[in-house]
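As a plain string of letters, each chain reads:
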Amino acid sequence: MQAKALPGFREFYPEDMVFRSHIFATWRAVAARYAFEEYDGPPLEPLDLYTDKSGEEIVGQLYNFRDKGDREVALRPEMTPTLARMVGARAQALRKPIRWFSIPQLFRYERQQRGRLREHFQLNMDIVGEAGPLADAELIAAALDILRAFGLGPREVQVRVSDRRVVRALLLGSGVSADQLNLAFAVIDKSEREAQGALADQLARAGVTKRATDAVFEVAGLRGLFAILQALQSLPDGETIGEPLRKVHDALEAMGLAQFVQVDLTIVRGLAYYTGIVFELFDTARSLRAICGGGRYDHLLQQIAGIDLPCVGFGMGDVVLGELLRTRALERAVSRRLEVFLVAVSAEDEQLVLRLGHALRDRGVALEYALRSGSVRRQLELAAARGAPRAVILGPDERASGLAVVRDLRTGTESRVPLTDLEEGRLS
Ligand code: HAM
């Protein structure tokens with residue numbers, strides 16, 4: 001029996017790599033436009049980096065074990081705690097705000113389903129050291145610009161933005177007690193997917209009053225910035241609490257991205273460390289899980305590195321994004337294409353093929369030649385199978401005349417090109 005890859009782990013054949021590289025290249029290009037610097041960390045981390053800070057959901061999915069040195073370790077399920085530690089260790093020396101990105105491979109023991117695997121690559125972009133809402137807006141804009149760079153528009157993708165501070169204030173203001181908040185957040189999170197009756201029962205069992213229960217569903221039902229700001233007006237400091245959300249919204253509008261934005265308090269996010277603005281990007285058909293999720297987490301650096309620096313960031317996985325690009329036939333991925341195939345007419349011509357081939361590669365030309373002697377016909381068949389646009393045929397006549405035959409493999413037309421020109425990279 002042949003050994004198979006583990007469930008939820010992918011093998012990347014060359015055609016898959018082309019697609020993956022296309023995604024990474026687009027991520028890097030947009031990150032560069034936003035002047036983010038790339039970093040990386042260890043794929044294996046101490047277990048307790050996650051157990052306290054990431055929240056139950058991720059902790060339940062950890063790939064953890066005891067290593068040979070008796071350390072409790074885990075494959076990284078997310079990048080944010082590593083980032084917090086790395087920034088914390090050099091916080092004094094780094095010029096704030098820090099704008100860093102990374103493309104780690106992450107591991108979560110998830111129930112495998114469409115868009116969810118046990119490993120994925122995730123672009124992380126984070127700004128550390130800036131508490132103002134323009135930092136939040138900057139990251140939401142970067143995430144949207146990535147999707148725009150893949151050719152997706154507001155009809156295909158939307159970002160849903162919320163602010164945990166706003167939800168918290170509205171809930172507390174309507175009679176939910178501080179110790180019921182977590183449950184109320186969980187109910188809001190599920191309010192679109194599960195029946196209201198069952199969720200109301202959960203709240204009642206936890207002692208949430210009827211009035212507060214109604215308020216939880218009202219908060220979940222608020223749509224659009226205007227409705228939310230109006231609801232906040234009933235609170236004494238409501239205007240101040242609504243300010244960051246309003247500013248993020250206005251900044252995205254100023255950037256011309258308003259068509260992509262929905263303000264919607266049902267975005268809660270599973271991770272425990274978020275403290276303020278949170279957001280998720282979705283395909284508008286809602287056939288897939290979130291493409292990207294993130295938000296503000298102002299206390300994680302304090303917890304991990306004992307340093308008080310505000311942070312905001314997001315993670316965008318390659319799996320959901322890949323599904324979306326595939327279903328929309330937007331795989332414009334192109335590999336570095338073969339430019340020319342060198343053909344040796346006889347074994348005596350192989351030296352020339354090697355010399356010319358190497359000279360051309362030094363000049364950056366992508367080329368291939370057969371790695372064993374064979375008929376010209378077989379070499380040309382291989383050239384065609386590889387998709388080479390042209391073949392250079394080198395035989396005794398060509399060596400004698402100093403002129404090689406360059407055949408256009410699409411039209412079949414031939415021309416003669418001096419070997420000296422070829423050596424300098426002039427192929428026609
Ligand atoms: P997250 O929501 O857990 O956030 O993951 C972000 C994105 O990664 C998801 O929206 C999804 O596209 C992708 N993703 C997550 N798990 C899987 C999986 N099992 N299979 C495929 N794709 C997956 C975080 O991880 C935060 N640390 C992001 C962040 C960075 N927040 C601030 N900075």
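Predicted, not measured: the structure shown is a model, and the values here were computed from it.

The environment of the ligand is made up of 26 residues, and the closest members are E78, T80, E110, D126 and Y274. In the environment of the ligand, an oxygen atom lies 2.9 Å from a nitrogen or oxygen atom belonging to the side chain of R108. Within the contact set of the ligand, a nitrogen atom lies 2.8 Å away from a backbone nitrogen or oxygen of L117. The protein chains hide 96% of the 660 Å² of surface that the ligand would expose on its own. For the shell around the ligand, the elements supplying multiple residues, two or more each, are β7 (119-128), β11 (292-296), β12 (311-317) and α13 (318-327).

Glancing now at the environment of Y273. Among the structural elements, Y273 can be located in the loop between β9 (261-263) and β10 (277-283). With relative accessibility at 7%, the residue Y273 sits in the buried group. A polar side-chain atom of Y273 sits 2.4 Å from a polar atom in the side chain of E78.

Glancing now at the pairing of strand β17 (residues 414-418). Across five bridges, strand β16 (residues 403-408) lies against β17 in antiparallel orientation. Directly across from A404, in β17, lies its bridge partner V417.

Below, the discussion takes up the pattern of salt bridges. For the structure on display, the rule yields 32 salt bridges. E45 serves as the salt-bridge partner of R85, at 2.7 Å between the closest nitrogen and oxygen. In this pair, R85 sits in helix α4 (residues 80-89) while E45 sits in strand β2 (residues 44-46), placing the two residues 40 residues apart along the sequence. Salt bridges here are not isolated pairs; linked through shared partners, they connect R160, E192, R223, D264 and R286.

On to helix α11 (residues 238-254), then. Taking 1.5 Å of rise per residue, 17 residues should cover 24 Å, and α11 covers 24 Å from first to last C-alpha, within 8% of that figure. Where α11 bends most, at P244, the angle is about 35°. On the buried face of α11, the contacting elements are α5 (133-149), β8 (157-163), α6 (164-173), α10 (225-232), β9 and β10. Where α11 ends, the next residue or the one after it, G256, has phi of about 85°, a positive value.

Looking now at the sheet that holds β2. Sheet strands pair by backbone hydrogen bonding; their relative direction is either parallel or antiparallel. One open sheet holds the three strands; their spatial order is β2-β4-β3, and the pairing between them is antiparallel. Every interior strand has two partners, whereas the edge strands, β2 and β3 (64-66), have only one. Going from strand to strand, the sheet's axes swing by 35° on average, the running direction of each strand aside. As paired strands, β2 and strand β4 (residues 72-75) are joined by three bridges and run antiparallel to one another. When the sheet's bridge partners are listed, L44 is paired in β4 with L75.

Definitions and limits used
- Residues numbered from 1 in each chain as written.
- Predicted model: local features only at pLDDT ≥ 70, side-chain atom pairs only at ≥ 80, totals over all residues.
- Heavy atoms only, no water.
- Near = heavy atom within 4 Å.
- Polar contact = N/O pair within 3.5 Å; in protein donor to acceptor, adjacent residues only side chain to side chain.
- Areas by Shrake-Rupley, 256 points an atom, 1.4 Å probe, with all protein chains shown as cover.
- Helix = DSSP H or I, 4+ residues; strand = E, 2+ residues; numbered from the N terminus.
- Buried < 20%, exposed > 50% of the residue type's maximum accessible area, 1.4 Å probe, protein only.
- Pairing = 2+ DSSP bridges.
- Salt bridge = Lys/Arg side-chain N within 4 Å of Asp/Glu carboxyl O.
- Expected span 1.5 Å × (residues − 1).
- Bend = angle between axes of the 7 residues up to and from the residue.
- Contact = heavy atoms within 4.5 Å.
- Axes fitted to C-alpha atoms, helices over the stretch in contact; angles between N-to-C directions.

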